[in-house]
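# Residue-level structural notes
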Amino acid sequence: MVYEFELTDDEFRRAWLAEYFRRPALPIVRGLAGLVLIGLGIQTSQGATELTARGIGMAAIVLGMWQLLRPFLLVRALLRARRDKGAASKRMRVRIDESGVGVSDGAKETQLGWDAITAGGRGKGYVWFEVRGSARGTIPTRVIDDDAALVEMFTRHGKWRD
């Protein structure tokens, strides 16, 4: 199975944010911590008569906002870096067969055996695969012509998760 595509910024953003929020607990804890810090900051700064206390309240609000906005700011920075490096316009080629997963961007080719792939699964509009000690690869579903064969290949090697 060979998939060739250019991953759009929108596809990259949606996949990155979905995977970020899919991780168990961490985004929820950060979001709740952000809301708590904002609430404490508002309460502290409103009830404060001293400049120091108001400053601490404002700092808590800023830190809380950072916790809430962090994933969106990170994905924006990643998109900018991707464009600056020219990676956004590169045509990707992903080959999946019995030997593993091969990824090429035209300049660099990486061959990963199934032992290097820790999992694979489906998100909304994309299929992902996770590389041990590294990152995730994304294949947009718009280029997948035989979804069942792809799932079967990952399942055969014990790597598919829904």
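A brief look at the structure comes next. (Residues numbered from 1 in each chain as written. Predicted model: local features only at pLDDT ≥ 70, side-chain atom pairs only at ≥ 80, totals over all residues. Heavy atoms only, no water.)

### Description of empty space enclosed by the protein
As enumerated under the stated definition, the model contains one cavity of 30 Å³ or more in all. Volume-wise, the largest cavity comes out at about 30 Å³. For the lining of the largest cavity, the class distribution of residues is two nonpolar, two polar and three charged. (1 Å grid on protein atoms, 1.4 Å probe; cavity = no way out; pocket = protein on both sides within 12 Å on 5 of 7 lines; lining within 4 Å. Points joined across faces, edges and corners; volume = space filled by probe spheres on them. Nonpolar A, V, L, I, M, F, W, Y, C, P; charged D, E, K, R; others polar.)

### A short note on the sheet that holds strand β4 (residues 109-113)
Pairing between sheet strands relies on hydrogen bonds along the backbone, with the strands arranged either parallel or antiparallel. The sheet built from four strands is open, its strands ordered β1-β2-β3-β4 with antiparallel pairing. Taken across any chain shown, the strands that pair with only one partner, and hence form the sheet edges, are β1 (2-5) and β4. Direction aside, neighbouring strands of the sheet carry axes that sit 10° apart on average. As paired elements, strand β3 (residues 100-104) and β4 share five bridges and run antiparallel to each other. The partner of Ser 104 across the bridge, within β4, is Glu 109. (Pairing = 2+ DSSP bridges. Helix = DSSP H or I, 4+ residues; strand = E, 2+ residues; numbered from the N terminus. Axes fitted to C-alpha atoms, helices over the stretch in contact; angles between N-to-C directions.)

### Regarding the pattern of salt bridges
All chains considered together, the criterion is met by twelve salt bridges. The partner of Asp 147 in a salt bridge is Arg 122, with the nearest N and O atoms 2.7 Å apart. A residue pair is termed long-range when its members are at least 10 positions apart, and Asp 147 in helix α4 (residues 147-156) and Arg 122 in strand β5 (residues 117-123) qualify at 25 residues. Given the relative accessible area of 32%, Asp 147 is considered partly exposed. Judged by its relative accessible area of 37%, Arg 122 is partly exposed. A salt bridge links Glu 152 to Arg 156; its shortest N-O distance comes to 2.4 Å. Placement of both Glu 152 and Arg 156 in helix α4 is noted, with a separation of four residues, approximately one turn of the helix. When its relative accessible area of 39% is taken as the criterion, Glu 152 is described as partly exposed. Here the salt bridges do not stand alone but share partners, grouping Glu 4, Arg 91 and Arg 93 into one network. (Salt bridge = Lys/Arg side-chain N within 4 Å of Asp/Glu carboxyl O. Buried < 20%, exposed > 50% of the residue type's maximum accessible area, 1.4 Å probe, protein only.)

### Quick notes on the pairing of β5
Most of β5 is tucked away: five of the seven residues are buried. The antiparallel pairing of β5 with strand β6 (residues 126-131) creates a hairpin that spans two residues between the two strands, and Gly 125 there sits at a positive phi of about 90°. Where β5 meets strand β8 (residues 160-161), two bridges bridge the pair, whose relative direction is parallel. The residue bridging Gly 120 from the neighbouring strand is Trp 160, located in β8.

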